[in-house]
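Coordinates in review
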Amino acid sequence: MSTINETIDGEEGASRRDFLHVAAAGLGGVGAAVAAWPFIDQMNPAADTLALASVEVDLSAIGEGEAVVIKWRGKPVFVRNRTPEEIAEANSVDMAALVDKQTDAERVQEGHEKWLVVMGICTHLGCVPLGTKAGDDRGDFGGWFCPCHGSHYDTSGRIRKGPAPKNLEVPTYAFLNDSTLKIG
Amino acid sequence: MAEWIDAKPKNKAAAWLEERLPIIGLVNNVVGVDTPTPRNLNYWWNFGSLAGLMLVVQLISGIVLAMHYTPNTLMAFDSVERIMRDVNYGWLIRYMHANGASFFFIAVYIHILRGLYYGSYKAPREVLWMLGLVIFLLMMATAFMGYVLPWGQMSFWGATVITNLFSAVPVVGDSIVTLLWGGFSVDNPTLNRFFSLHYLLPFVITGVVILHIWAKKVSDSGNPLGIDVKSSADQIPFHPFYTVKDAFGAAVFFAVFAAFIFYMPNALGHPDNYIPADPFVTPDSIVPEWYFLPFYAILRSITFDIGIPFTDVVIIPAKLLGVIAMFAAIIVLFFLPWLDTSKVRSGKFRPTFRIFFWFLVIDMVVLTIVGGKKPEGIWPVVGLIGTAYYFAHFLVVLPLLAKFEKTLPLPESIAQAVVKTDK
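Notes on the interface of chain A and chain B
Accessible area lost when the parts come together is the quantity often used to give the size of an interface. In this assembly, 29 residues from chain A lie in contact with 27 residues from chain B. Between chain A and chain B lies a buried interface of about 2,300 Å² when both sides are counted; carbon and sulfur atoms form 68% of it. Three residues, A:M43, A:L125 and A:H149, lead the burial of chain A against chain B; their summed loss comes to 26% of the area buried on that side. Linking chain A with chain B are 0 salt bridges, by the criterion used here. One can count 5 residue pairs in polar contact (both at pLDDT 80 or more) joining chain A with chain B. Tallying contributions element by element places strand 2 (residues 67-72) of chain A first for the side of chain A that touches chain B, with 3 residues. Across the side of chain A that touches chain B, the residue classes tally to 16 nonpolar, 9 polar and 4 charged.

As for the layout of surface pockets
Residues and elements named next belong to chain B. A volume near 1,400 Å³ is recorded for the second largest pocket. Taken together, 46 residues make up the lining of the second largest pocket; nearest its centre are G48, S49, H212, I213 and K216. Contributions of two or more residues to the lining of the second largest pocket are made by helix 2 (23-31), helix 3 (47-66), helix 5 (90-117), helix 6 (126-148), helix 9 (188-219) and helix 10 (238-263). Residues of the lining of the second largest pocket, tallied by class, amount to 27 nonpolar, 13 polar and 6 charged.

Things to note about the domain arrangement of chain B
All names here are of chain B. Once the domains are mapped, chain B shows domain 1 (1-11 + 40-219 + 236-279) and domain 2 (287-423). Across the contact, 39 residues belong to domain 1 and 36 residues belong to domain 2. Taken together, the two surfaces of domain 1 and domain 2 that pack against each other cover about 3,200 Å², and 73% of this comes from carbon and sulfur. By the criterion of area lost to domain 2, the three top residues of domain 1 are Y117, K122 and L165, representing 21% of everything that side buries. Linking domain 1 with domain 2 are 1 salt bridge, by the criterion used here. Between K122 and D340 there is a salt bridge; the shortest N-O distance is 3.3 Å. Summed over the shared surface of domain 1 and domain 2, the number is 11 residue pairs in polar contact (both at pLDDT 80 or more).

Re the packing of aromatic side chains
Counted under the stated rule, the structure contains 36 aromatic pairs over all chains. Ring pairs connect the aromatic residues B:W44, B:F47, B:F103, B:F253, B:F254, B:F257 and B:F260, which therefore count as one cluster.

So, empty space enclosed by the protein
What the rule picks out here adds up to 4 cavities of 30 Å³ or more. By volume, the largest cavity is sized at about 50 Å³. Around the largest cavity, the lining residues are A:H124, A:L125, A:P163, B:L165, B:L299, B:R300, B:I302, B:A318, B:K319, B:G322 and B:V323. Of all the secondary-structure elements, those providing two or more residues to the lining of the largest cavity are helix 11 (293-301) and helix 12 (318-334) of chain B. With 4 residues, helix 12 of chain B is the largest single contributor of residues to the lining of the largest cavity. Residue composition of the lining of the largest cavity, grouped by class: 7 nonpolar, 2 polar and 2 charged.

Topic: the packing of helix 12 of chain B against helix 15 (residues 379-404) of chain B
Residue and element names in this part refer to chain B. Relative orientation of the contacting elements helix 12 and helix 15 amounts to 30°, with a least axis distance of 11 Å. Between helix 12 and helix 15, the interaxial angle falls into the category roughly parallel. Relative to helix 15, the crossing made by helix 12 is left-handed. For the pair helix 12 and helix 15, contact is made by A325, A328, A329, V332 and L333 and by Y390, F391, F394 and L395, respectively. In terms of residue class, the contact of helix 12 with helix 15 is built from 9 nonpolar, no polar and no charged.

Regarding the confidence of the model for chain B
Low pLDDT marks stretches whose predicted atomic positions should not be read closely. Looking at chain B as a whole, its pLDDT mean stands at 93, while 99% of the residues score no less than 70. In the predicted complex, the global pTM is 0.86; the interface-specific ipTM is 0.74.

Comments concerning the sheet that holds strand 6 (residues 151-154) of chain A
Residues and elements named next belong to chain A. One open sheet accounts for 3 strands, arranged 5-6-7; its pairing is antiparallel. Edge positions in the sheet fall to strand 5 (142-146) and strand 7 (159-161), since each has one partner strand and no second. Across the sheet, the axes of successive neighbouring strands diverge by a mean angle of 35°, strand direction being ignored. As defined by bridge partners, strand 5 adjoins strand 6 across 4 bridges and the pair is classed as antiparallel. Residue W144 lies in a different strand from strand 6, and its bridge partner there is Y153.

Notes on the packing of helix 5 of chain B against helix 6 of chain B
Residue and element names in this part refer to chain B. Between helix 5 and helix 6, whose axes approach to 12 Å, the crossing angle comes to 155°. In terms of orientation, helix 5 and helix 6 fall into the roughly antiparallel class. Crossing of helix 5 against helix 6: the hand is left-handed. Residue-level contacts link F104, F105, V108, Y109, I112 and L116 of helix 5 to W129, F136, M139, M140 and A143 of helix 6.

Re the environment of B:G90
Within the fold, B:G90 resides in helix 5. With 26 residues separating them in the primary sequence, B:G90 and B:V64 have C-alpha atoms 9.1 Å apart.

Let's talk about the sheet that holds strand 9 (residues 180-183) of chain A
Residue and element names in this part refer to chain A. Pairing in this open sheet of 3 strands is antiparallel, and the strands run 1-9-8 from one edge to the other. Bordering the open sheet on either side are strand 1 (55-58) and strand 8 (173-177), each of which pairs with just one other strand. Direction aside, neighbouring strands of the sheet carry axes that sit 25° apart on average. Sheet analysis places strand 8 next to strand 9, joined by 4 bridges and oriented antiparallel. Counted as the bridge partner of Y173 is I183 from strand 9.

Things to note about the pattern of salt bridges
All names here are of chain B. Following the criterion strictly, the structure yields 11 salt bridges over all chains and no others. As a salt-bridge pair, E81 and R85 come within 3.1 Å of each other at their nearest N and O atoms. A residue pair is termed a helical-turn pair when its members lie 3 or 4 positions apart in one helix, as E81 and R85 do in helix 4 (residues 76-85) at 4 residues. When its relative accessible area of 66% is taken as the criterion, R85 is described as exposed. The partner of R350 in a salt bridge is D340, and the shortest N-O contact between them spans 3.2 Å. Placement of R350 in the loop between helix 13 (336-339) and helix 14 (351-372) and of D340 in the loop between helix 13 and helix 14 is noted, with a sequence separation of 10 residues between them. For the pair R350 and D340, a shared accessibility class is recorded, and that class is buried. Here the residues in one salt-bridge network are K122, D340, R350 and E405, joined through shared partners.

Structural notes on the pairing of strand 2 of chain A
Residues and elements named next belong to chain A. Two strands pair when backbone bridges link them, and strand 2 and strand 3 (residues 75-81) are joined in this way by 6 bridges, in the antiparallel orientation. Each bridged residue has a counterpart across the sheet, and for I70 the counterpart in strand 3 is V77. Hairpin connection between strand 2 and strand 3: a loop of 2 residues separates the two successive antiparallel strands, and R73 in this loop has a positive phi of roughly 55°.

So, how was this worked out
Residues numbered from 1 in each chain as written. Chains lettered and ligands numbered in written order. Predicted model: local features only at pLDDT ≥ 70, side-chain atom pairs only at ≥ 80, totals over all residues. Heavy atoms only, no water. Contact = heavy atoms within 4.5 Å. Buried area = accessible area lost by both parts, 1.4 Å probe. Salt bridge = Lys/Arg side-chain N within 4 Å of Asp/Glu carboxyl O. Polar contact = N/O pair within 3.5 Å; in protein donor to acceptor, adjacent residues only side chain to side chain. Helix = DSSP H or I, 4+ residues; strand = E, 2+ residues; numbered from the N terminus. Nonpolar A, V, L, I, M, F, W, Y, C, P; charged D, E, K, R; others polar. 1 Å grid on protein atoms, 1.4 Å probe; cavity = no way out; pocket = protein on both sides within 12 Å on 5 of 7 lines; lining within 4 Å. Points joined across faces, edges and corners; volume = space filled by probe spheres on them. Domains from an automatic or database assignment. Phe/Tyr/Trp six-rings, centres within 6.5 Å; stacked < 30°, edge-to-face > 60°. Axes fitted to C-alpha atoms, helices over the stretch in contact; angles between N-to-C directions. Parallel < 35°, antiparallel > 145°, perpendicular 65-115°, else oblique. Left-handed = near helix turned anticlockwise from the far one by under 90°. pLDDT = per-residue confidence, 0-100. Pairing = 2+ DSSP bridges. Buried < 20%, exposed > 50% of the residue type's maximum accessible area, 1.4 Å probe, protein only.

Dropping the structure here:
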């Protein structure tokens, strides 16, 4: 076939036809992708879901050694008032022993070291770890323990044992004053 | 390749229709008197039609349930309870649907194991086999999304764990999860889209089932001896022989199904799913439905990273590796026709293969048990060994067996073998 085409159209004609094929297919492909995008993007969070308020937390109600769960963006956030021993323990860890290497200082705000604020979501597969309520199993390292697949977090919310790959995430937050925390 | 026989209906109206749309011939050529079928099919060959019947049960009960169910996080749980308490026969239809999923998987798992034992995946049936695997994957997606709909604790947390698997994908993982959720956690948008897709996928399954049966028609049914049909002496018509045999098998299967529906409707479910979903309380242990347990065990068995030795550089983190292993457990089955290159199809004539086949069955049972246990004590180790054997079976054992196994002599024909054993 190609030899016949070449004799009729010449080499120039054949390449022009090729170009038209590629151009038409290419434009068709781009058109299909553009048409598909709204149908994919509709699955992403809608405007009302994105319109998220930040949350304020009254810290005066949280005694030393206690922790609370706050709902933020539909997810739990742990706010923990750490004891001096827990802070000391978090600082005494050998960095080489950590999976996701972070010092305790990188995970709290200066001057507010006793407040640990982390997302209450296991970085493995998204369960809510135990350890916030009094009497919960806090795992082998005194922080949190995820019952789903056995991840242990320490008093800085860092992963120490189990399948989770990362430390508990620290959300954006600020202290409005000594007893009010704003998450978000 | 199977011969296609034109039907010539005697009834005038039927003949009129047949000329315009040859649908009677179509049915006749798949399950009729004009479908020559190997004469030696045993009861393991019942499970294909049983799976088809379970698909019909799920479609009918599901369409009816959708008339009463409300896909909204505030109302879903209550609407299911309303079906159970107030809707006429709602309890029956919902128990049929919930247990029907389990029995669909029972039929399909036996159907797959039959295929593994008798080498049903070998030439010329590779595409038939792969279409079956596509159906299996679609079933898993459908069952998973269906389990989320009642919006109980297991619904919510199962959805959270499984959608979070995609966060293991490098770079775009979190964006994919957000896209799946339609928000920042499993919530109302997630429930709505799962309902939509749970309704859609069974019809996609029906479409692939039609392709599956078409491929079966083209390549013919296999048989327990695994040898090709040589003459008409090897065959009997599908109807009435196998329609009757399938009907008898269906009666027995449905009797067991009914026993579950009426006497132990919740035996295969998890009691925590009768607690409304609570995003702040993770159940004591999140357990998927029993038919997912082997794959869940494979997912959890990987707790180590793959990296460059003696450095901290991680190439594949444990989480991603677990997800890869779980998906690979099914992907590997697609390559089975080319991994097991033994010319002998049936396990009947492969003495060593047969032993390893039962190892695989035991391995699957062990993985099912591990998947249901908390990841403590001995279980993670057992899970890792079970996972290792699963992959070794397909990637090492089968290719080696194909090379070194001494197979037994094959009979000359189906008819000869069958007549011989009859004496």
